[in-house]
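Listed below are the residues making up each chain.
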Amino acid sequence: EADARLGFLTAKAAEACRVMMANPGMRVGVSILVNMKKNGVLFVNECLLLSLKLPAVNWSYCVGFQRDISKEVPLHALLSAATSDSAYSALVSSRGAALDARRSTLLGVGGENVVRCLHE
């Protein structure tokens, strides 16, 4: 059962990236996953996906910015939500304000510095 839930989360992350790559105007997507620290401890990982184009060759690619959100979303809550699209979507939606703030950091004033740094 744990493998099925982890597989569900991985599929959701891949889907978020595919949707962004197929929709060039969609700059930032989100995925919430389980990850493991070097010491073997599992944690809840929020990954913001930024869709960009490499100017020199006009290739699209995604960059993920990860953050440990275990204090805000306990591991058991994420695994419980990893049973259906609606439960997972509700969990992601519940992170709305925090995600909006992080999106603003990436794309708002000064956000162009993130993109410039990635292309250097």
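Below: a short report on this structure.

Basis of the calculations
- Residues numbered from 1 in each chain as written.
- Predicted model: local features only at pLDDT ≥ 70, side-chain atom pairs only at ≥ 80, totals over all residues.
- Heavy atoms only, no water.
- Helix = DSSP H or I, 4+ residues; strand = E, 2+ residues; numbered from the N terminus.
- Contact = heavy atoms within 4.5 Å.
- Buried < 20%, exposed > 50% of the residue type's maximum accessible area, 1.4 Å probe, protein only.
- Arc of directions from axis to C-beta.
- Core = buried A, V, L, I, M, F, W, Y, C linked by side-chain atoms within 4.5 Å.
- Salt bridge = Lys/Arg side-chain N within 4 Å of Asp/Glu carboxyl O.

1. Some words on the side chain of S31
Next up, step 1: One can find S31 in strand 1 (residues 28–36).
Next up, step 2: If near-sequence neighbours (up to four positions away) are discounted, S31 is found in contact with K12, A13, N45, E46, C47 and Y88.

2. Remarks on helix 3 (residues 85–94)
Next up, step 1: For helix 3, the complete set of buried residues consists of Y88, L91 and V92. Considered in projection along helix 3, the buried side chains sweep an arc of 95 degrees and stay on one side of the axis. Exposed and oriented more than 90 degrees from the buried face of helix 3 are S86, S93 and S94.

3. Topic: the nonpolar core
Next up, step 1: With 21 residues, the main nonpolar core has L9, I32, V44, V73, L78, Y88 and V92 as its most contacted residues.
Next up, step 2: Listing elements by their share of this core, those giving two or more residues are helix 1 (2–22), strand 1, strand 2 (42–54), helix 2 (75–81) and helix 3.
Next up, step 3: Beyond its immediate chain neighbours, meaning those up to four positions away, L78 contacts L9, I32, L33, V34, V44, V73, Y88 and L91.

4. Here we look at the pattern of salt bridges
Next up, step 1: Tallied over the full model, the rule gives eight salt bridges.
Next up, step 2: The shortest N-O distance in the salt bridge between E72 and R67 comes to 3.5 Å.

5. Quick look at the environment of C17
Next up, step 1: Following the sequence through the fold, C17 ends up in helix 1.
Next up, step 2: In this structure, the C-alpha to C-alpha distance between C17 and S31, residues 14 residues apart in sequence, is 8.9 Å.
Next up, step 3: C17 has contacts with L49 and C62, leaving out every residue within four places of it along the chain.

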